[in-house]
Amino acid sequence: MSAQPTILCNRARRIVDAAFIKVAGKLLFFSQLPPFSYWDNYYGEHPEITDIFFRLLHYPTLQRYDNKGFIASKINSLSINNLFPATYTSVTEVLNASHATGKIWFVKPTCSTSGKGIQCLTSKELALFQLPPHHIIQEQVVGIELINTHKYTARAYVLVFDKRVFLFDDGFVMIHGVPYSENATDFAVQVDHSGYTEIDSSIKMMRMAELPDFALKMAQLKQKMSLLKPVLSELIAASSAREYGLLGIDLLFDKHHTPTLIEINSKANFVHTDAINQSLNIPFFAAVISTLYSNVKDTRLIEI
């Protein structure tokens, strides 16, 4: 009896293999292990991945949730407040808002990752700006918590499986390389985290659990995730006992430990620095695999 099934991956294969090794003792109790896949169909479908596999959710559904415009539309249609920053699809909408002046605005491509293509503009600059197609405008989150005068962005990990939603008990933090100013429109100050895996990079990573007052932050994050659940309705409905989704939720904590969500990544990257891979990404995948195979929630997953 093997503790490792057939595995097909085209992303994060080393993370997945290490996670299976981590849970091998638990899997020995099962007489039959269905095959497992973590296969992103963006690169093409794998003909061997059939209904007997654990597999990622229907690709068009995942792709839809990677679209920031879709998320903004969903939130507006559900009239959910205090979850994401105010988000608009035209400059006119922003300028007509009563609170538009004196703000910094983030212009984002609707289908881009890793900060690519984001511009930061003042209200005056935005008034003269021609918004390109397939972009949104998101209001700056003010009063954010800093780490040694630097902005940081946090990412929470979420599993959607068998019509249920689970929040992992940790995440990571990306600390920007340039000291923060709330009025800055400099890409390096507000957004840039390229080259973070390089040893001499000024951009650093650490686990979310290492943040000050993490228990308070996590308690508030759980509340925010409960508000997010209706937004994830299509993902939840598409999930099953064999189909799962892994989300990376980007967020900012303010000085009172309250999170504001800024993006949903339905095809998140789970390969980072060696330290984060070992202490966070492998344990997360181990919790996911344990839950998929046993259909019992892993202790590190919090059901929302």
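Structural notes, computed from the coordinates. (Residues numbered from 1 in each chain as written. Predicted model: local features only at pLDDT ≥ 70, side-chain atom pairs only at ≥ 80, totals over all residues. Heavy atoms only, no water.)

When you go through the protein chain residue by residue, the secondary structure sums to ten helices and 14 strands. For 304 residues, the compact-globule formula gives about 19 Å, and the C-alpha radius of gyration of the protein chain, at 20 Å, lands near that figure. Once the C-alpha set of the protein chain is aligned to its principal axes, its extents read approximately 65 × 40 × 35 Å. Looking at the protein chain residue by residue over its 304 residues, the buried ones come to 56%. By sequence separation, contacts in the protein chain at least 24 residues apart represent 71% of the contacts at least 6 residues apart. A total of about 13,900 Å² of accessible surface is found on the protein chain, and carbon and sulfur atoms cover 52% of it. Distance between charge centres in the protein chain, computed from 28 positive and 28 negative side chains, equals 4 Å. (Helix = DSSP H or I, 4+ residues; strand = E, 2+ residues; numbered from the N terminus. Rg over C-alpha atoms; globule rule 2.2 N^0.38 Å. Buried < 20%, exposed > 50% of the residue type's maximum accessible area, 1.4 Å probe, protein only. Contact = heavy atoms within 4.5 Å. Areas by Shrake-Rupley, 256 points an atom, 1.4 Å probe, with all protein chains shown as cover. Lys, Arg positive; Asp, Glu negative; His and termini not counted. Charge placed at Lys NZ, Arg CZ, Asp CG, Glu CD.)

Read from one edge of the open sheet, four strands run E4-E7-E5-E6, paired in antiparallel fashion. Two strands bound the open sheet, and with one partner strand each, they are strand E4 (87-88) and strand E6 (119-122). (Pairing = 2+ DSSP bridges.)

Along the polypeptide, Ser123 turns up in helix H6 (residues 123-127). Note on Ser123: relative accessible area 12%, which makes it buried. Remark: the alpha-carbon pair of Ser123 and Thr101, spanning 22 residues in sequence, is separated by 5.6 Å. Filtering out sequence-adjacent residues up to four positions away, Ser123 remains in contact with Ala100, Thr101, Gly102, Lys103 and Trp105. A polar contact of 3.2 Å, which involves the side chain of Ser123, links it to the backbone nitrogen of Lys103. (Polar contact = N/O pair within 3.5 Å; in protein donor to acceptor, adjacent residues only side chain to side chain.)

We now examine the pattern of salt bridges. One pass over the structure, following the stated rule, counts 14 salt bridges. Glu263 serves as the salt-bridge partner of Lys108, at 3.3 Å between the closest nitrogen and oxygen. One end of the pair, Lys108, is in strand E5 (residues 104-109); the other, Glu263, is in strand E13 (residues 259-265), and 155 residues separate them in sequence. The burial state of Lys108 is the same as that of Glu263; both residues are buried. With a shortest N-O distance of 2.9 Å, Glu303 and Arg164 are connected by a salt bridge. In this pair, Glu303 is assigned in strand E14 (residues 301-303) and Arg164 in strand E10 (residues 164-179), connecting sequence segments 139 residues apart. Taking the relative accessible area as the measure of exposure, Glu303 reaches 38% and is therefore partly exposed. On the basis of relative accessible area, Arg164 is assigned to the partly exposed category, the value being 26%. When salt bridges that share partners are traced, they join Asp51, Arg55 and Glu243 into one network. (Salt bridge = Lys/Arg side-chain N within 4 Å of Asp/Glu carboxyl O.)

The next point concerns the nonpolar core. In this structure, Phe36, Tyr38, Leu228 and Tyr244 are the most contacted members of the largest nonpolar core, which totals 78 residues. Apart from the residues lying within four places of it in its own chain, the contact partners of Tyr38 are Leu8, Cys9, Asn10, Arg11, Ala12, Val16, Leu56, Tyr244, Leu246, Ala268, Phe270 and Phe285. Grouped together as the second largest cluster of nonpolar side chains are twelve residues, Val91, Ala100, Trp105 and Ile137 included. (Core = buried A, V, L, I, M, F, W, Y, C linked by side-chain atoms within 4.5 Å.)

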